Amino acid sequence: MSNNFGVFINLDYAHQPHAECTLIWNKIMEVMVDYGFIFQKRVFTITTNSSRDEISSDVRGLFDLIQKEQEHFYSYICDNYILNLEECSDLTLPDTSASIDVENITFQELNIMGIEYESLIKNKPE
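What counts and how
- For every chain, the first residue of the written sequence is number 1, and numbering continues from 1 along that sequence.
- In keeping with the model being predicted, local features are shown solely for residues with a pLDDT of at least 70 and side-chain atom pairs are shown and tallied solely at 80 or more, while totals for entire chains, interfaces and linings include all residues.
- Neither water nor hydrogens contribute to the side-chain values; these are computed over all heavy atoms in the structure.
- The nonpolar core is taken to be a set of buried Ala, Val, Leu, Ile, Met, Phe, Trp, Tyr and Cys residues, with the residues joined through side-chain atoms within 4.5 Å.
- Each residue gets one of three labels from its accessible area relative to the maximum for its type: buried under 20%, exposed over 50%, partly exposed in between, using a 1.4 Å probe on protein chains only.
- Helix numbers and strand numbers start at the N terminus; a helix is a DSSP run of H or I with at least 4 residues, a strand a run of E with at least 2.
- For this analysis, residues touch if any pair of their heavy atoms sits within 4.5 Å.
- In this scheme Phe, Tyr and Trp rings, the latter by its six-membered ring, pair at centre separations within 6.5 Å, and the angle between planes marks the pair as stacked below 30 degrees, edge-to-face above 60, and tilted otherwise.
- Ring-over charges, as used throughout, are those where CZ of Arg or NZ of Lys falls within 6 Å of the ring centre and within 35 degrees of the ring normal.
- Note on pairing: two strands pair once DSSP finds at least 2 bridges between them.
- Here, a disulfide means two cysteine sulfur atoms that sit within 2.5 Å of each other.

Draft legend 1. Fine view of the nonpolar core. By size, the foremost hydrophobic cluster in this structure holds 22 residues, and its most contacted members are Val7, Ile9, Leu11, Ile28, Met32, Phe37 and Phe44. Where this core is concerned, the elements lending two or more residues are strand 1 (3-11), helix 1 (18-35), strand 3 (43-48), helix 2 (52-69) and strand 4 (77-84). The element contributing the most residues to this core is helix 1, with six residues. Leaving out residues up to four positions away in the same chain, Ile28 has contacts with Ile9, Leu11, Phe44, Ile66 and Phe73.

Structural data, given as structure tokens:
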């Protein structure tokens, strides 16, 4: 069974030098993409047969590798979490939880109702 996970990583820009955070972020990007993650809209995503616990453990291992190269790496991370994206709602999309009724209205019905419209069809039906 395939799972779609998102790993969110926020660096502590408020308390760490911006230039160093940029270097850390570039290293995170490199390591995560090399592992197989795709970076999309502030989140690293991966579709895998692994469980959440397995991916979490793998990401911790990747972070430990970075820590070996970059002393105090973990002090740059403000927060970090993983979500199963199949179980999440994208709050940037409109709420469609209430049904949306769509009614098919013909050009003739629009004409009868006196509704003005502009047709993209060359010969507008009357």
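Here the narrative resumes.
Draft legend 2. Geometry of unusual backbone geometry. Even without a glycine there, the phi angle at Lys41 is positive, about 50°. Non-glycine residue Arg42 carries a positive phi angle of around 75°. Tracing the sequence through the fold places Arg42 in the loop between strand 2 (38-40) and strand 3. Arg42 gets classed as partly exposed once you look at its relative accessible area, which sits at 45%.

Draft legend 3. Quick look at the packing of aromatic side chains. All told, the structure shown has eight aromatic pairs when counted by the stated rule. Summarising the aromatic geometry, the rings of Phe39 and Phe44 are spaced 4.9 Å apart at their centres and angled 55° between planes, so their arrangement reads as tilted. Classification of Phe39 by relative accessible area gives partly exposed; the value is 31%. When its relative accessible area of 1% is taken as the criterion, Phe44 is described as buried. Centre to centre, the rings of Phe73 and Tyr74 are 5.3 Å apart; their planes meet at 65°, and the pair counts as edge-to-face. Of note, Arg42 hangs over the ring of Trp25, and the distance from its end group to the ring centre comes to 5.8 Å.

Draft legend 4. Quick peek at the pairing of strand 1. The element strand 1 is extensively covered by neighbouring structure, given that eight of its nine residues are classed as buried. In this structure, strand 1 lies alongside strand 3, joined through five bridges in antiparallel fashion. Residue pairing across strands places Gly6 opposite Thr45, the latter belonging to strand 3. For strand 1 and strand 4, the ladder comprises seven bridges, and the chain directions are antiparallel. Bridged to Asn10 within strand 4 is Asp79.

Draft legend 5. Layout of the state of the cysteines. Counted by the stated rule, this structure contains zero disulfides. In this structure Cys21 is not part of a disulfide, and its nearest cysteine sulfur, from Cys78, lies 9.9 Å away. Judged by its relative accessible area of 52%, Cys78 falls in the exposed class.

Note that every value here comes from positions in space, so none of it alone points to a role or purpose.
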